[in-house]
Amino acid sequence: MFTTEHAAAWAELIAAAPAEIGDRLAALRKIAGVTGVAHCGEGRPEAIVVGQRRPAAAMMRIALFWTAANISAGARLLEALEKEALAQDVLCLRADEDTVRHIGGQWERRDGFLQRWIGIEPVRRRSQVPPSWPQTAGFTCGPSALAMAMAGLDPALLPDRALEVELWREATTIIGPSGPGGCDPYGLALAAHRRGLRVEIFMSSAEPIFLDRASSEERRGLMSFVQAGFRREAEAASLPIEARAFAVEEIGQALDRGFSALVLIDHAPMMGDTCPHWVLVHGHGDGVYFVNDPWIEPDRLEQPMDVVDLPVRAAELDRMAWYGNPAYRAAVLIGR
């Protein structure tokens, strides 16, 4: 077994593996959160499997599987990777068709990938997974999350960029450090309300938020002005507003009432860099919450399967769902 901390093991495998595999290993070596298992014979690698996970998610994707000719090591490597994944509190593995064909095992077919539970599969109270719509701009996570929530309520609705940008134009509140920015909870709630959806808001801060994202007093002033306007409009529309921090259990209770939840998180536990980010929480069961994340991280070589229906432990969601200094919480519940 080797992880990103085992520099010597990585270097030996990269040098000994075929050139194409060595190049892929070298690329994966740069990514935090990868775990590899290798089978060697006569001092040379005969089979390698590498799993990659987001630190806050209980899912690991098989990012690389390779065997030398005439070597059948798939079952052994899969078992070894599962052991390492369980030690990291991972509940399931994901892979593409080609990987599963070579590594073997029993897998569940999902939309665009295959999945295998290695822990106890949580019993969900809702099984429907909203379609994934990764954001197409760096500042549209909130509208993308809202578009996915809308599609989860209306199967006939297919999220697209036109809807994403339309929602962003209605809900944006931030003037970012170098250009456009994202959306506050009141703006997102109003965009959903205008489309006939039921909305409830949690907002623990009475002060304007995201001001740390602006680079000048002029921009902070404009953000404060826009947010105040959104809040007045939300109050005038009699949208339910809970002016307090929610408990994670309350998100689960809302899901049981038929809502989905746009939850503001700090992206640091997932990606290592602090920034505000909206995700869609759409299901839960047995202490696990299921999340569609609008962001696919290119620097981590992520794929669409890395961001849809992600299992996240309740304690991890509780840790992520704070942002700012002093820290605050925000969520928008979306229902029919």
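Fair warning: this is a prediction, and the values are worked out from it, not measured in the lab.

Turning next to unusual backbone geometry. The omega torsion of the bond from Asn325 to Pro326 falls at 5°, within 30 degrees of zero and hence cis. Along the chain, the position of Pro326 falls in the loop between helix 11 (314-320) and strand 14 (330-335). Residue Asp89 is not a glycine yet carries a positive backbone phi of 65°. Despite not being glycine, Phe210 shows a phi value in the positive range, around 65°. Mapped onto the fold, Phe210 is located in the loop between strand 8 (198-203) and helix 8 (217-236). What makes Phe210 buried here is its relative accessible area of 2%.

Turning to the side chain of Ser144, a few remarks are in order. Structurally, Ser144 can be placed in helix 5 (residues 141-153). Ser144 gets classed as buried once you look at its relative accessible area, which sits at 0%. A polar atom in the side chain of Ser144 sits 3.0 Å from the backbone oxygen of Thr140.

Where helix 9 (residues 248-256) is concerned, the buried positions are Val248, Glu250, Ile251, Gly252, Ala254 and Leu255. Elements in contact with the buried residues of helix 9: strand 8, strand 10 (260-266), strand 11 (276-285), strand 12 (288-292), helix 11 and strand 14.

What follows covers the packing of helix 5 against helix 7 (residues 185-194). At their nearest, the axes of helix 5 and helix 7 sit 11 Å apart, and the two run at 35° to each other. In this structure, the crossing between helix 5 and helix 7 has a hand that is right-handed. For the pair helix 5 and helix 7, contact is made by Gly142, Pro143 and Leu146 and by Leu188, Ala191 and Ala192, respectively. Within the contact of helix 5 with helix 7, the residues separate by chemical class into 5 nonpolar, 1 polar and no charged.

To continue, consider the sheet that holds strand 8. By way of backbone hydrogen bonds, the strands of a sheet pair with one another, either parallel or antiparallel. If you walk across this open sheet you meet the 7 strands as 9-8-14-10-11-12-13, and the pairing is mixed. On the outer flanks of this sheet lie strand 9 (241-242) and strand 13 (310-313), each paired with one strand and no other. Of the pairings in the sheet, the one linking strand 12 to strand 13 comprises 4 bridges and is antiparallel in character. The partner of Phe290 across the bridge, within strand 13, is Pro311. Contacts between helix 7 and the sheet are confined to strand 8, strand 9, strand 10, strand 11 and strand 14, with strand 8 contributing the most and set at about 175° to the helix.

Our focus in this paragraph is the pattern of salt bridges. Summed over the entire model, instances satisfying the criterion amount to 23 salt bridges. Taking the shortest distance from any N to any O, the salt bridge between Glu302 and Arg54 comes out at 2.9 Å. Of the two residues, Glu302 sits in the loop between strand 12 and strand 13 while Arg54 sits in the loop between strand 3 (44-52) and strand 4 (59-67), which places them 248 residues apart along the sequence. The same class applies to Glu302 and to Arg54, which are both buried.

What counts, and at which threshold
- Position numbers for residues count from 1 along each chain, tracking the sequence in the order it is written.
- For this predicted model, a pLDDT threshold of at least 70 governs which residues receive local features, and a threshold of 80 or more governs which side-chain atom pairs are given and counted, while totals over whole chains, interfaces and linings are taken from all residues.
- Hydrogen atoms and water are omitted, and side-chain values are computed over all heavy atoms in the structure.
- A run of H or I in DSSP becomes a helix once it reaches four residues, and a run of E becomes a strand once it reaches two; helices and strands are each numbered from the N terminus.
- Note on classification: 1.4 Å probe, protein chains only; a residue is buried when its accessible area is under 20% of the maximum for its type, exposed when over 50%, partly exposed between these limits.
- Under this definition, polar contacts are N or O atom pairs within 3.5 Å; protein pairs additionally need one hydrogen-donor-capable and one acceptor-capable atom, and for neighbouring residues in sequence, both atoms have to be side-chain atoms.
- Here, two residues are considered to be in contact whenever any of their heavy atoms come within 4.5 Å of each other.
- In this analysis an axis means a line fitted to C-alpha atoms, helices contributing only their contacting stretch, and an angle means the value between N-to-C directions, from 0 to 180 degrees.
- Should the near helix be turned counterclockwise from the far one by less than a right angle, the crossing is left-handed, whereas a clockwise turn marks it as right-handed.
- Residues are sorted three ways: Asp, Glu, Lys and Arg are charged, Ala, Val, Leu, Ile, Met, Phe, Trp, Tyr, Cys and Pro are nonpolar, and all the rest, Gly among them, are polar.
- DSSP-based pairing: two strands are paired if at least 2 bridges between them are found.
- By convention in these notes, a salt bridge is any Lys or Arg side-chain nitrogen within 4 Å of a carboxyl oxygen on Asp or Glu.

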